[in-house]
Structures are given as structure tokens and as C-alpha cells.
Amino acid sequence: MTARTADRTRYDRATAHLDAPIAIVDLEAFDANADDLVRRAAGKPVRVASKSVRCRTLLERALARPGFAGIMSYTLAESLWLARAGFDDVLLAYPSADRAAFAELAADPKLAAAVTVMVDDHAQLELIDASRAGGREEIRVCLELDTSLRMLGGRVRIGALRSPLRSPAQLAELARSVARRPGFRLVGLMAYEGHVAGVGDAVVGRPLRSRAIRLMQAAARKELAVRRAEVVRAVRAVAPELEFVNGGGTGSVQHTAAESAVTEIAAGSGLYVPRLFDNYTSFTARPAALFAQPVVRRPGVGVVTVLGGGYPASGAAGADRSPVPYLPEGLRYDRQEGAGEVQTPLLGSPADDLLIGDKVWFRHAKAGELCERFDTLHLIEGDRVTASVPTYRGEGQTFL
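From a predicted model like this one, the values you see are computed outputs, not experimental measurements.

**Some words on the overall build of the chain**
Right, so step 1: Along its length, the chain carries 12 helices and 19 strands.
Right, so step 2: Against the 2.2 N^0.38 benchmark of 21 Å for 400 residues, the chain shows a C-alpha radius of gyration of 22 Å, consistent with a compact globule.
Right, so step 3: C-alpha atoms of the chain, sized along the principal axes, occupy 70 × 50 × 35 Å.
Right, so step 4: Among the 400 residues that make up the chain, the fraction classed as buried is 54%.
Right, so step 5: Sequence-distant contacts in the chain: of pairs separated by 6 or more residues, those separated by 24 or more amount to 69%.

As C-alpha cells, this is what we get:
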């Protein structure tokens, strides 16, 4: 029996009393993945990216483990919700234009002390001030550095289109603007190298592409390490009491942690390990989050049809954004239909052993987006469901 077959047996036994569709998290795998993130961070605290988890119970579980500290959130409304729930260190990873939420933040000492907002433009400071509605609390601010790799004199850019701030001078100028502006305090600097942390470098069946990615990432890490250190020096000259410098992501933890300028690492997907994180040479981990769809039809030999399952992930459209049938091993999509909104045919010899009502287990492409489809995660230990906990959606929270 393979390890995957053994997992299927455990999951089927644990959820025999539950009708699919359902979503699960294998706590043994979750904890092992958490330990691996801490090991790779080499003593630097790991800040949990909430968008990759989207379940308060599991955020609390990760933060209760040694080596984890703080949350990286994705909207201001979510940040305030988490702070009200007792999370006391929430870094908002993206700028916000939520005026009502800024008014709440500026009016509440507890929220203002717990939440740090992201800024990369003078206009964002203006918006925050215009949104205060009389609130006088000091707003904690983090600046974001553009990490993209630019080559051929800037004609080639590799990396996400995020912050416009790239040079030490640009970051220092905005830092001075924050320092001069009453009601704000600069406490952090963030730089997310998504083209390193979020791009697999061992693409199955694509050896030349994989090598090109590894060469690009090596060049990107080298360039960014130098520039990030220069930026940190420039910003600390303006704000010597800077509390943190955040960097990294699941795919680059050990590389980013090796930079002396970085004080903490951000990671979240490495807890669930969705399918997009299968193609990395920098680490291996265990899939912890899966969902199951029920077999509802048997159209013919070597074919079953499950209910729904068409849960595409965000990003540039492509086959890598679809979930993949995972258990039993050997199932594949019909090329003419793929993963469907209300039904999904699956082909392969394992189909002949599946009965109406049996579960087929899938892996989603991007970590936390699974929780936008399910209101409950069933937590499995061994071959038992030991708890069923709400996702953000299950708590009535849909922030985007």
C-alpha cells in the first residue's frame, strides 16, 4: 500500500459519516509543514499569511507553535476583524481604500495598536487622513519595496506589479513623509519576492524551463539581497526604531531568512501545501488540505462523474489553476469538459472500482481559496475527525 493509498483509507474512514462535498485538513501534515517552515526560517519568526489559511482556528493553531509570530492579512476589514478577535499583531499586506475601516481604525486604541497598514504612495496617506472622521489614534505604517528583477536596462521585468517604490532614495523619501506627518508612525518594511517564493522551479516535463527559472531566481535573489539591505539602511536612517523587515514566502523561506537585513519571514501556503507548491527544489512538504466530491454517475467503463468540483484558482488562466483529482490515484479529467461547475467526469481505470456515493479527493491549486468554497473544515487526526471548524466563509466573512 502506498502512502497516498493509506491516506485515502484514513480519510474515507474518518469521513464515512459525512456526505461530500466536504473539505478536510490533516492535522499531522499541517503540523509537520509548520515545523518545516520554522526549520527553514532558521530562528527568524514566521508571520502567517492569513489569505492562505482563512480559518481562525488554524491561524491560532499555527501561532501557538514556537517560531510563529503575527499575521499578514489581506484586507483592512479582515485586519480589524482579526484584531477584535484577539490577534494583536496584524500586518496588512496590501494598501486599502476602505474609508469606513480607516475611520474605525483611527477611532479605536486597541485596533490602532494591533494593526499595521501598507503604504507605497503619498496619496494613500492622504486617503487615510481624509477617512479619520475625527479619530485621533496613531496609525502604524509599513512601506513596501518593489522586488521585481529588471534586466536589459529595465526593458525586461520579472515579478509582480506591486509597489512603485524600488530604490533606497524612493523608500527613504516616503519614510520621511510618514515621519513628518502627524498621526502616523513608520514601524515596518515589507518586500515580497513572489517570482522566487511563488514560482516552482521544477516543472514536470519541462527541464529547460525549470533550469531557466532556477537561473532567474538565483539572479533575483542575489540582486534583491543587495538592494534590500541598502533600502533597509536608508529607511532606518529615517526611522531608527523600525520594528520589523518582512520578506519571503513559502518557496523562499530559507533564502530570505539568510539575509541579515530581514527580521521575519511571511508564509502561509506551506501549511496547506496546495498543488502549485509541488514543483519546488527548495522544499518538500505534505498536502494537508483537500476536498472531496461524491460520485453521482457511472457513464461507462473507466468513467465516473462527480458532483461539481470546478473551483479554479485566481491568477493567469491555465491548467495549473484547476484542482487535480488526487485520491484514488490515477484519475484524470476529460479534456473536453475539465473540472465543471456542476459535474466533473473523471477517466481512468480506478473509476471502475468507485461506487455511487464514494468520495474522490482533490487538491486545490491555491491554498486559502479552498475556504471560499466551503464553510467548514473537518480536522482529521489519524482516522478520525476530531473537530469541525468554520472557515472565514463559515463565520459569515467574505472580505473580497
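**Examining unusual backbone geometry**
Peptide bonds are mostly trans, and most non-glycine residues show a negative phi.
Right, so step 1: In this structure, the amide linkage connecting A20 to the following residue, P21, adopts the cis form with an omega of 5°.
Right, so step 2: With respect to the helices and strands, P21 occurs in the loop between α1 (3-14) and β1 (22-26).
Right, so step 3: The step from L327 to P328 runs through a cis peptide bond, and the omega angle for that step is 0°.
Right, so step 4: Note on placement: P328 falls in the loop between β14 (324-327) and β15 (332-333).

**Thoughts on the pattern of salt bridges**
Right, so step 1: The full count for this structure, using the stated rule, is 33 salt bridges.
Right, so step 2: Among the salt bridges present, the one from E259 reaches R228, with a minimum N-O distance of 2.8 Å. You can see E259 sitting in the loop between α11 (253-257) and β11 (264-267) and its partner R228 sitting in helix α10 (residues 207-238), a full 31 residues away along the chain. Both residues of the pair, E259 and R228, belong to the buried class.
Right, so step 3: In this structure, a network of salt bridges that share partners links the residues D146, R150, R157, R166, E223 and R227.

**Quick word on the sheet that holds strand β4 (residues 90-92)**
Right, so step 1: Pairing is parallel around the closed barrel formed by eight strands, whose spatial order is β2-β3-β4-β5-β6-β9-β10-β11. Direction aside, the axes of adjacent strands within the sheet are offset by 30° on average.
Right, so step 2: Sheet topology places strand β10 (residues 244-247) next to β11; two bridges connect them, and they run parallel. Each residue of the ladder has a partner; that of N246, found in β11, is E264.
Right, so step 3: This element, α10, spans β9 (184-191) and β10 of the sheet and lies at about 175° to β9.

**A look at the environment of G183**
Right, so step 1: With respect to the element layout, G183 can be found in the loop between α8 (168-180) and β9.
Right, so step 2: For G183, a relative accessible area of 25% puts it in the partly exposed group.
Right, so step 3: Along the backbone, G183 and A106 are 77 residues apart, and their C-alpha atoms lie at a distance of 9.0 Å.
Right, so step 4: Apart from residues lying up to four places away in sequence, G183 is in contact with R132, E137, E138 and I139.

Parameters at a glance
Note that residues are indexed from 1 along each chain, following the sequence as it is written. Confidence filtering applies because this is a predicted model: local features only for residues at pLDDT of at least 70, side-chain atom pairs given and counted only at 80 or more, and all residues used for totals across whole chains, interfaces and linings. Based on all heavy atoms of the structure, the side-chain values leave hydrogens and waters out of the count. Secondary structure is summarised from DSSP: a helix means a run of H or I of at least four residues, a strand means a run of E of at least two, and numbering begins at the N terminus for each. For the radius of gyration, the atom set is restricted to C-alpha positions; the globular benchmark scales as 2.2 Å times the number of residues to the power 0.38. Each residue is assigned to one of three classes by its accessible area relative to the maximum for its type, calculated with a 1.4 Å probe on protein chains only: buried under 20%, partly exposed between the two thresholds, exposed over 50%. Any pair of residues with heavy atoms lying within 4.5 Å of one another is described as a contacting pair. Salt bridge criterion: a side-chain nitrogen from Lys or Arg within 4 Å of a carboxyl oxygen from Asp or Glu. Note on pairing: two strands pair once DSSP finds at least 2 bridges between them. Lines are fitted to the C-alpha atoms to define the axes, a helix being fitted only along its stretch in contact, and any angle between axes, read from their N-to-C directions, falls within 0 to 180 degrees.

So yeah, pure geometry; function would need other evidence.
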